[in-house]
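Observations on the model geometry
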Amino acid sequence: GDSVTQTEGQVTVSESKSLIINCTYSTTSIAYPNLFWYVRYPGEGLQLLLKVITAGQKGSSRGFEATYNKETTSFHLQKASVQESDSAVYYCALGDRGSNYQLIWGSGTKLIIKP
Amino acid sequence: AQTIHQWPVAEIKAVGSPLSLGCTIKGKSSPNLYWYWQATGGTLQQLFYSITVGQVESVVQLNLSASRPKDDQFILSTEKLLLSHSGFYLCAWSVGRGDTEVFFGKGTRLTVV
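These lines cover the structure that appears in this document, whether it is placed above or below. Numbers given to residues run from 1 along each chain, matching the order in which its sequence is written. Numbering of ligands from 1 and lettering of chains from A proceed in the order in which they are written. Reporting of local features is limited, given that this is a predicted model, to residues whose pLDDT is at least 70; pairs of side-chain atoms are given and counted only at 80 or more, and all residues count toward the totals for whole chains, interfaces and linings. Derived side-chain values reflect all non-hydrogen atoms in the structure, with water molecules and hydrogen atoms excluded from consideration.

1. Quick word on the overall build of chain B
Formally: Secondary structure follows DSSP: runs of H or I at least 4 residues long count as helices, runs of E at least 2 residues long count as strands, and numbering of each begins at the N terminus. Here the radius of gyration uses the C-alpha set of atoms, whereas the globule reference equals 2.2 Å times the residue count to the power 0.38. Residue exposure (1.4 Å probe, protein chains only): buried if accessible area is under 20% of the type maximum, exposed if over 50%, otherwise partly exposed. Residues count as neighbours in contact if any of their non-hydrogen atoms are within 4.5 Å of one another. The Shrake-Rupley method, run with a 1.4 Å probe sphere, supplies the accessible areas, and residue values consider only the shown protein chains as cover. Under the counting rule used here, the positive set is Lys and Arg, the negative set is Asp and Glu, and His together with the chain ends is not counted. A single reference atom marks each charge: NZ on Lys, CZ on Arg, CG on Asp, CD on Glu.
When you go through chain B residue by residue, the secondary structure sums to zero helices and eleven strands. Each helix (α) and strand (β) of chain B, taken in turn from the N terminus, gives the series β-β-β-β-β-β-β-β-β-β-β. By the compact-globule yardstick of 13 Å for 113 residues, chain B fits well, its C-alpha radius of gyration being 13 Å. Along the first, second and third principal axes, the C-alpha set of chain B runs to 40 × 30 × 25 Å. With 113 residues in all, chain B has 48% of them scored as buried. Contacts in chain B between residues at least 24 apart in sequence constitute 55% of all its contacts with a sequence separation of at least 6. Just so you have it, chain B exposes about 5300 Å², and 53% of that area is on carbon and sulfur atoms. Of the side-chain charges in chain B, 9 are positive and 7 negative, and the distance between the mean point of each set is 5 Å.

2. Details of the packing of aromatic side chains
Which entries qualify depends on this criterion: Centre distance within 6.5 Å is the pairing criterion for rings of Phe, Tyr and Trp, where only the six-membered ring of Trp is used; planes under 30 degrees apart are then read as stacked, over 60 as edge-to-face, and the remainder as tilted.
Applying the stated criterion to the full structure yields 13 aromatic pairs over all chains. Taking the centre distance of 5.4 Å and the plane angle of 40° together, the rings of Phe64(A) and Tyr90(A) count as tilted. Placement of the pair is Phe64(A) in strand E8 (residues 64-67) and Tyr90(A) in strand E10 (residues 88-96), with a sequence separation of 26 residues. Since its relative accessible area comes to 0%, Phe64(A) is described here as buried. The class for Tyr90(A) is buried, based on a relative accessible area of 0%. When the ring of Tyr101(A) is compared with that of Tyr49(B), the centres are 5.1 Å apart and the planes differ by 20°; the resulting orientation is stacked. Taken together, the residues Tyr101(A) in the loop between E10 and strand E11 (103-105) and Tyr49(B) in strand E5 (residues 45-52) connect one chain to another. Summarising the burial analysis for this pair, Tyr101(A) and Tyr49(B) share the class buried. By way of ring pairs, the aromatic residues Phe36(A), Tyr38(A), Tyr91(A), Trp105(A), Tyr34(B), Tyr36(B) and Phe104(B) are connected into one cluster.

3. Points about the side chain of Asn32(B)
Inspection of the secondary structure assignment puts Asn32(B) in strand E4 (residues 32-38). Ignoring anything within four residues of it in the chain, the contact list for Asn32(B) reads Tyr101(A), Ser50(B), Ile51(B), Ala92(B), Trp93(B), Ser94(B), Val95(B) and Gly96(B).

The analysis is restricted to geometry; functional conclusions fall outside its scope.
Set out below in structure tokens:
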């Protein structure tokens, strides 16, 4: 089957420090994986942070970056310097460019920023 | 601009009672619609999707059903709730398949007691 594994639970980072949230995927049915990071800020709905549909390419948004690595089947989320406003829950997701309407989700990582 | 409205915001229901959750999408014609469920501490799971009025596909069986009575409306229901139905339910829409952005409502928190 298809699955997404990301950094479990909660990550605490001091303000202005760097961040990495790991995401790896596994698929037996998706020929052309599309990879996404979604974010849920406190009090808000889940929203797209960034997406990459081509292996080897990098997506970026709001200072966050993620590179789609087909060799390691990874899509880690990174930021060089986090801010308090980045506190949120982050989800990695795997989609299919083909006829599939499904998204496969990681378990979510809660990011807490220490002032 | 497109908006998605989910109702109710939260529900506390008894085991064995019926349930109806709904969402309405405004500002977008013929969207693909989705229901997602997340148990407390669990992963988001896609339950149903619909690409047109009257047509709903099931992804995960949880003794729930979904209907799309209008182009802009998606309903999730069951006649008898189980304790395992507790969790967070999200309605969502997109214009494409697994390669496009999905837009989510704010969700309904369901507690079954």
